Amino acid sequence: MEVGQMQRRLVEFTKSLFVEGFLDGQFLQLQQLQDDSNPDFVVEVVSLFFQDSEKLLNDLTSALEQQDVDFKKVDAHVHQLKGSSSSIGAQRVKNACVVFRSFCEEQNLQECMRCLQLVKQEFYLAKNKFETLFTMEQQIVAAGGSIPATEITSF
């Protein structure tokens, strides 16, 4: 596949991530922080997010499986996940955390368990989408091309 075609596919895929609500404007801001002195900045930040969030999801699962659930602790974990997902522009993960936190406040274990599953689902979907995005970018660079700039006005 020629570079121009790969670049067009990347632009269309990126647009779809915004249209489907996987990403928001925060991701564009993250991309703007990347430059020639740190060309892997976005990949590194997003990779750290997924590593740290895996632990948070495990901690959340453990906290909700306790005999006496500490909803303040659960809420603190969800709040942390919400903040970190928001910082990379993972909008659907962040939105699922917002709902989750409301059920923590109500101390509704059944709905918290349901929300945990939803957050995990959105988390793994987002992880898959980011991996696809980064693979497409790597393929363009390996073929000698440059990554086209993403502009919010194109959505």
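Residues numbered from 1 in each chain as written. Predicted model: local features only at pLDDT ≥ 70, side-chain atom pairs only at ≥ 80, totals over all residues. Heavy atoms only, no water.

> Describe the state of the cysteines, and please don't skip the residues or the numbers.
By the definition in use, this model includes 0 disulfides. The cysteine Cys97 is free of any disulfide, with Cys115 supplying the nearest cysteine sulfur at 9.3 Å. With relative accessibility at 0%, the residue Cys97 sits in the buried group. In this structure Cys112 is not part of a disulfide, and its nearest cysteine sulfur, from Cys104, lies 4.0 Å away. (Disulfide = S-S within 2.5 Å. Buried < 20%, exposed > 50% of the residue type's maximum accessible area, 1.4 Å probe, protein only.)

> Tell me about the pattern of salt bridges, residues and numbers included.
Side chains carrying opposite charge are able to pair once their charged atoms draw close together. One pass over the structure, following the stated rule, counts 9 salt bridges. Salt-bridge contacts for Lys127 lead to Glu54; the nearest nitrogen and oxygen are separated by 3.3 Å. A residue pair is termed long-range when its members are at least 10 positions apart, and Lys127 in helix 6 (residues 109-142) and Glu54 in helix 3 (residues 41-64) qualify at 73 residues. Under the relative-accessibility criterion, Lys127 is labelled partly exposed at 23%. The exposure class of Glu54 is partly exposed, given its relative accessible area of 21%. (Salt bridge = Lys/Arg side-chain N within 4 Å of Asp/Glu carboxyl O. Helix = DSSP H or I, 4+ residues; strand = E, 2+ residues; numbered from the N terminus.)

> If you had to explain unusual backbone geometry to someone new, which residues and values would you point to?
Even without glycine at this site, Gln107 takes up a positive phi of about 55°. On the secondary structure map, Gln107 appears in the loop between helix 5 (91-106) and helix 6. Gln107 sits in the exposed class, given a relative accessible area of 53%.

> Report on the confidence of the model for the chain, specifying residues and quantitative values.
Summarising the model, the chain shows a mean pLDDT of 94, and 97% of its residues fall at 70 or more. The least confident element of the chain, judged by mean pLDDT, is helix 2 (residues 25-32) at 94; the most confident is helix 5 at 98. (pLDDT = per-residue confidence, 0-100.)

> Before we move on, could you go through helix 1 (residues 3-19) and cite the residues and values that matter?
Its 17 residues give helix 1 an end-to-end C-alpha distance of 24 Å, which sits within 8% of 24 Å, the value for a rise of 1.5 Å per residue. Among the residues of helix 1, those classed as buried are Gly4, Met6, Leu10, Phe13, Thr14, Leu17 and Phe18. The elements touched by buried residues of helix 1 are helix 2 and helix 6. Of the residues flanking the start of helix 1, the one acting as N-cap is Glu2, its side-chain oxygen 2.9 Å from the backbone nitrogen of Gly4. Within two residues after helix 1, Gly21 carries a phi angle of roughly 85°, on the positive side. (Expected span 1.5 Å × (residues − 1). Contact = heavy atoms within 4.5 Å. Polar contact = N/O pair within 3.5 Å; in protein donor to acceptor, adjacent residues only side chain to side chain.)

> With reference to specific residues and values, describe the packing of helix 5 against helix 6.
Two elements in contact, helix 5 and helix 6, have axes separated by 9 Å at closest approach and are oriented at 170°. Relative to helix 6, the element helix 5 is oriented roughly antiparallel. Two secondary-structure elements touch here, helix 5 through Arg92, Val93, Ala96, Cys97, Val99, Phe100, Phe103 and Cys104 and helix 6 through Glu111, Cys112, Arg114, Cys115, Leu116, Leu118, Val119, Glu122, Phe123, Leu125 and Ala126. Per-class residue counts for the contact of helix 5 with helix 6 are 15 nonpolar, no polar and 4 charged. (Axes fitted to C-alpha atoms, helices over the stretch in contact; angles between N-to-C directions. Parallel < 35°, antiparallel > 145°, perpendicular 65-115°, else oblique. Nonpolar A, V, L, I, M, F, W, Y, C, P; charged D, E, K, R; others polar.)

> Describe the packing of helix 3 against helix 6, and please don't skip the residues or the numbers.
Angle between the axes and distance between the axes: these two values describe a pair of packed helices. Relative orientation of the contacting elements helix 3 and helix 6 amounts to 160°, with a least axis distance of 11 Å. Taken as axis vectors, helix 3 and helix 6 run roughly antiparallel relative to one another. Pair helix 3 / helix 6 crosses with left-handed handedness. On helix 6, the residues that touch Val42, Val43, Val46, Phe49, Phe50, Ser53, Glu54, Leu57, Leu60, Thr61 and Leu64 of helix 3 are Leu109, Cys112, Met113, Leu116, Val119, Lys120, Phe123, Tyr124, Ala126, Lys127, Phe130 and Phe134. Taken together, the residues of the contact of helix 3 with helix 6 sort by class into 18 nonpolar, 2 polar and 3 charged. (Left-handed = near helix turned anticlockwise from the far one by under 90°.)

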